[in-house]
Amino acid sequence: MSDLTNQSLHEIIEKIKTKKISSLELTNNYIKNIKTAKKLNTFVTTTFEHALEKAKEFDKKPNYEQLLPGIPLAVKDLFCTQDVKTTAGSNILNNFIPSYESTVTKNLWNNGAFLLGKLNCDEFAMGSSNETSFFGNVINPVGDKLVPGGSSGGSSAALAADLTPATIGTDTGGSIRQPASFTGTVGLKPTYGLCSRWGIVAFASSLDQAGPMTKNIIDSAIMLEAMCGFDEKDSTSIKKNKEPYSKNLKDNVKGLKIGIPKEYRVDNMPKEVDELWEKGKKILKDLGAEIINISLPHTKYALPTYYIVAPAEASSNLARYDGVRYGFRSKKDEDLIQMYENTRSEGFGDEVKRRILIGTYVLSSGYYDAYYLKAQKVRQLIKKDFDENFKKVDAILTPSTPSSAFEIGEKTNDPVSMYLNDIFTVPVNLAGLPALSLPAGVDQKGYPLGLQLIGKALDEQKILNIGYAFEKNCGFQSQIKKWWS
Amino acid sequence: MSKEKFDYFINGEKGKYEVVIGLEVHAQILSNSKLFSGSSTKFGGDPNNQVSLIDSAFPGMLPVINEECVKQAVRTGLGLNAKINNFSVFDRKNYFYADLPQGYQISQYKNPIVGEGKVLLDMPYGSKEIGIERLHLEQDAGKSIHDMDPSNTYVDLNRSGIALMEIVSKPDLRSPEEVNVYIKKLRSIMRYLGTCDGNMQEGSLRADVNVSVRKEGDKNFGTRCEIKNVNSIKFMQMAIEYEATRQVELIENGKGIDQETRLFDTKKNETRSMRSKEDAHDYRYFPDPDLLPLKLEQKLIDDLKKSLPELPDKKKERFIKEYGLNAYEANVLVSEKEISDYYEEVAKLSDKKLAATWMMGDLFAMLNDRGLDISKSPISAKHFAELVQSIKSGEISGRIAKEVFEIMVESGENPKKIIESKGMKQQSDPKELEKMINEIISKNKDKVDQYKAGKEKLFGFFVGQVMKLSGGKANPQLTNEILKKLLKN
Amino acid sequence: MSLDKEKIKHVAKLARISVNEAKVDSLTKDLNSIFKFIEQLNELDTSNVEPLTSILNESLRTRKDLINDGKIRDKILQNSPKKNDEFFVVPKVVE
């Protein structure tokens, strides 16, 4: 049988359904790819035996009605997987084996998929380049010196390198969309509350949201449909009926109003990014959409707001890593306080510690009002910007990132310049909205660039539809050569 | 009842000091499962066996609130005549401790579920109102066990995540006795409501005690110290006395008082500074992003209000009016719901006033001796009422009644049967009594003469003789009447 | 607002992270550049703005008071770096 791994998820599903390939053959193909792609350092853990067993089970008793029939999937190592090591890219969880399965991965398995392995990511999802992982940086299949983006860098790289037919990531400030943009893939951050957070290692609870990373829009719709849904175990989960996103997918954008926010044209933005944005506008306009210039006046303040809110929540969410109940414990543990301090100091990497300190500081007595409270107020303003504009437009089109993938080590010594990578993605998280990053072209160096489509809350179908129409008319082709095998 | 005057001051060398006390009472909510997880709240289970992944804060675990705990807090708030807040927010209180798995306690800081209220105390010097500042919901921590291993501390998380109500009083209390009455009153209200069992041995009711002192007549408060986690009224009282005296001494020696958290050492009966908590003062409260604001519909609050039982203050008023009790009696009989229920059952079937006297006397003494709650009383309310009626009707004397009571305690028999079978009925036949008395008079001629000569004290001697001869069954009133008549002859 | 080394050490203490003396300088530099960036917010007058407490405009969902969890001591203890059959074990705490 032929190797289908360079095809996209829905194509593979079709081949499975029409029995052109068995789940076992497919799984073996991916295992072969993964084994030859060690250089990329995408996997923290592989679960080949489990996958092969599940594939055989499927082939014996196939259920083609499922959304993901017999599909092997690797997932970001931030999702707790039962009896499979879950590290969140951190030394402090280096040996942690959950006895439970996250709701989102459970949903995938209930739809016929099974686990192929756990993908590398920035430590506790804090990073924009996958360089903060305890398990080493991931290499972008686009080029051997390039970062794959972050924090879902293992996910974007594995997907782009055909090591998994689709995958899932989490997005707190751009962690799905930015790596998608850097690897020429599709990344969707759903509306806050659409996918359950239960069983996902928390970074910043009011911002974290899981979402699909795929090769195209149809795949994204299939994956979203499989993974989302109301979960009574998550108090912030939205109670609503599931939508058949893939069945309802339409490529008609006629009459839709697309907003173009002027504040996203930032200083020092490469010309190519601007040109790409223009190209995006033109494609949609030619398809019959109406392009409307809008203003989101507080955009500039989104990133500073984010760097208060996210670290504040993280400093508290990560307090549970204390060496008592699970994970790493320092050998220097003469007394309790020393045990805590050494465990956390040795267990966390520099970026995580930096953010815990920022978060602790902005919440501490005497500084709360000046930082945290202020940020919550600005967050209100940012949300209102979107609310106001969504009275006028159906979706908003922006670049996904201010540049294409940068080189490994290029920004590690300058945290602020690293943070600036998320300048276009962060406002969406602060407002809890859905947004899609679509591959739209390449820069002079041939590195992929993405455009972002932002929708109203729970308007996933609409941005998927717009993305679908865009994708068909954009003609983006991945130019990745398998240089690593 | 005498109107005493309030008189609790610490006497220093340079004057009298008033003690100002505020309490933060932590009351465990009666519920089946924990505040944010489905594990059991039952006391005394095997270590770490009533713990969910949420209570032990595994990665990715999320809280979902228990509706019953919310209702219990609202009921309690209503019982404290407090304002119920339709909008409240859960915050995280961040600090590190071995038995605090999340590294934070979910609590309520700026927007508690219950606002200001009040509690009335009956003190010998009159009724006193204690202000309630607020009531909020929070999680309990686990338990650190320090004495099972010389070099390690063991952690049991069974208690971790159990729902607590923190009830914060205003600094309105002025003496250890007021604290005693306040805690008992709170406990009584919550037990009436069924929101907390008030069991202090099992830690269902604990308090942080804030103490400061000031010169009598001063308007400004002194610097306060907080004594953490005191789990009996006796210890609270001892801690307050010790702490107030310590503060007065510091002031008189010209030293300042540090605002600090202190611990009451129950072995040494003293408070001391808790150094370990020193840097934990900065709790970095912020709204818990895993939870949404709690918005209570007015209808829910109104429905809960309608379903509240009659509470001690109301019941006391009714007891005075309906049963003709005095304030003291009413107070005692409403202190526990079970006691008031028992009393009402007895009062329905017998003399209301006499029932109160006998309950508060012999019944309470017996229960107290045996360490029993009234719910476990060996004498049923019905039997007790029959006993009271037998006294009232003159069938038996008070003295005999005490004997019957003892037999009832041992046998659980009904008093009629006991009186019948033991022939304990009172001798109330005047002819029989006259016969007896004449016999005594004829045997004690000398004493009769002395009596007639003016030694009236001897009257008691004759009564005693009658009682002796009748085996205690002579009707005392009739005996008196007949004796007086016959001794005059 | 600039963060000095003492402040950073205090914050690290609150966060229970021991800071390597050798790294304090570079940490101070990084944190100060981040706070300089964050403090752009001071340009905005937010005196009349309500802080956002939750992105979802709903009330907290409640669950029924049922016992349906717990009794999983083995699972609770299985990942602990130091434990015995019944308890988590930590260095002696002195109060």
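Being a predicted model, the structure only gives us computed values, none of them experimental.

What counts, and at which threshold
- Residues numbered from 1 in each chain as written.
- Chains lettered and ligands numbered in written order.
- Predicted model: local features only at pLDDT ≥ 70, side-chain atom pairs only at ≥ 80, totals over all residues.
- Helix = DSSP H or I, 4+ residues; strand = E, 2+ residues; numbered from the N terminus.
- Rg over C-alpha atoms; globule rule 2.2 N^0.38 Å.
- Buried ≥ 20, exposed ≤ 12 C-beta atoms within 10 Å, placed from the backbone.
- Pairing = 2+ DSSP bridges.
- Axes fitted to C-alpha atoms, helices over the stretch in contact; angles between N-to-C directions.
- Parallel < 35°, antiparallel > 145°, perpendicular 65-115°, else oblique.
- Contact = placed C-beta atoms within 7 Å.
- Nonpolar A, V, L, I, M, F, W, Y, C, P; charged D, E, K, R; others polar.
- Core = buried A, V, L, I, M, F, W, Y, C linked by C-beta atoms within 7 Å.

Novice: Go over the overall build of chain C, please, and point to the residues and values.
Specialist: When you go through chain C residue by residue, the secondary structure sums to 3 helices and 2 strands. Along the chain direction, N to C, the helices and strands of chain C fall in the order α-α-β-α-β. Computed over its C-alpha atoms, the radius of gyration of chain C comes to 23 Å, more than 25% above the 12 Å expected for a compact globule of 95 residues. Its C-alpha atoms give chain C principal-axis dimensions of about 55 × 45 × 25 Å. For chain C, the residues scored as buried account for 27% of the 95 residues in total.

Novice: Any details on the sheet that holds strand 10 (residues 152-156) of chain B? Residues and values, ideally.
Specialist: Taken in spatial order, the 3 strands line up as 9(B)-10(B)-2(C) in an open sheet, and their pairing is antiparallel. A strand with exactly one partner marks an edge of an open sheet, and here the two such strands are strand 9 (143-145) of chain B together with strand 2 (88-91) of chain C. Strand after strand, the sheet turns through a mean of 35° between neighbouring axes, direction not considered. Bridge analysis of strand 9 of chain B against strand 10 of chain B gives 3 bridges, and the strand direction is antiparallel. Bridge pairing links Ile 145 of chain B to Tyr 154 of chain B in strand 10 of chain B.

Novice: Please provide a residue-by-residue account of the packing of helix 9 (residues 302-317) of chain A against helix 11 (residues 350-363) of chain A, values included.
Specialist: A packed helix pair is summarised by two numbers, namely the angle formed by the two axes and the spacing between the axes. All names here are of chain A. Following both chains from N to C, one finds helix 9 and helix 11 inclined at 100°, their axes separated by 7 Å at the closest point. One finds that helix 9 runs roughly perpendicular with respect to helix 11. Residues Tyr 307, Ile 308, Pro 311, Ala 312, Ala 314 and Ser 315 of helix 9 touch helix 11, and the partners they reach there are Arg 355, Ile 356, Ile 358, Gly 359, Thr 360, Val 362 and Leu 363. Taken together, the residues of the contact of helix 9 with helix 11 sort by class into 9 nonpolar, 3 polar and 1 charged.

Novice: Lay out the sheet that holds strand 6 (residues 104-107) of chain B in plain terms, naming residues and giving numbers.
Specialist: All names here are of chain B. A sheet is described by the order of its strands in space; here 3 strands give the open sequence 6-5-16, paired in antiparallel fashion. Because the sheet does not close on itself, it has two edges, and the strands there are strand 6 and strand 16 (286-287). Looking at chain direction, strand 5 (residues 91-94) and strand 6 are connected through 4 bridges and run antiparallel. Paired with Asp 91 across the strands is Ser 107, a residue of strand 6.

Novice: Tell me about the interface of chain B and chain A, residues and numbers included.
Specialist: Across the contact, 25 residues belong to chain B and 33 residues belong to chain A. Residue composition of the side of chain B that touches chain A, by class: 16 nonpolar, 5 polar and 4 charged.

Novice: Which residues make up the nonpolar core, and what values do they have?
Specialist: Core analysis: the biggest nonpolar cluster contains 232 residues, and Met 227 and Leu 453 of chain A together with Val 209 of chain B have the highest contact counts within it. Broken down by element, the residue count for this core peaks at 9 residues, all from helix 9 of chain A. Those residues in contact with Leu 453 of chain A that sit more than four places away from it in its chain are Ala 395, Leu 397, Ala 435, Leu 436, Leu 438, Ile 463, Ile 466 and Gly 467 of chain A. Core analysis: the second largest hydrophobic core is formed by 32 residues, Leu 333, Tyr 342, Ala 347 and Ala 356 of chain B among them.

Novice: Residues and numbers for the interface of chain C and chain A, please.
Specialist: At the interface, 37 residues of chain C touch 50 residues of chain A. Where the side of chain C that touches chain A is concerned, the elements lending two or more residues are helix 1 (5-14), helix 2 (24-38) and strand 2 of chain C. For the side of chain C that touches chain A, the element with the most residues is helix 2 of chain C, which contributes 6 residues. The residue makeup of the side of chain C that touches chain A, split by class, is 23 nonpolar, 7 polar and 7 charged.

Novice: Quick rundown of the pairing of strand 2 (residues 15-28) of chain B? Include the residues and the values.
Specialist: All names here are of chain B. Summarising the sheet, strand 1 (residues 10-12) and strand 2 pair through 3 bridges and their orientation is antiparallel. Its bridge partner being in strand 2, Asn 11 is matched across the sheet by Lys 16. In textbook terms, the turn of a hairpin is the stretch between consecutive antiparallel strands, and for strand 1 and strand 2 this stretch comprises 2 residues. Sheet analysis places strand 2 next to strand 12 (residues 205-215), joined by 11 bridges and oriented antiparallel. If you follow Val 25 over to strand 12, its bridge partner there is Ala 207. In the sheet, strand 2 pairs with strand 11 (residues 163-169) via 5 bridges, with the strands oriented antiparallel.

Spatial relationships are all this shows, so hold off on functional conclusions.
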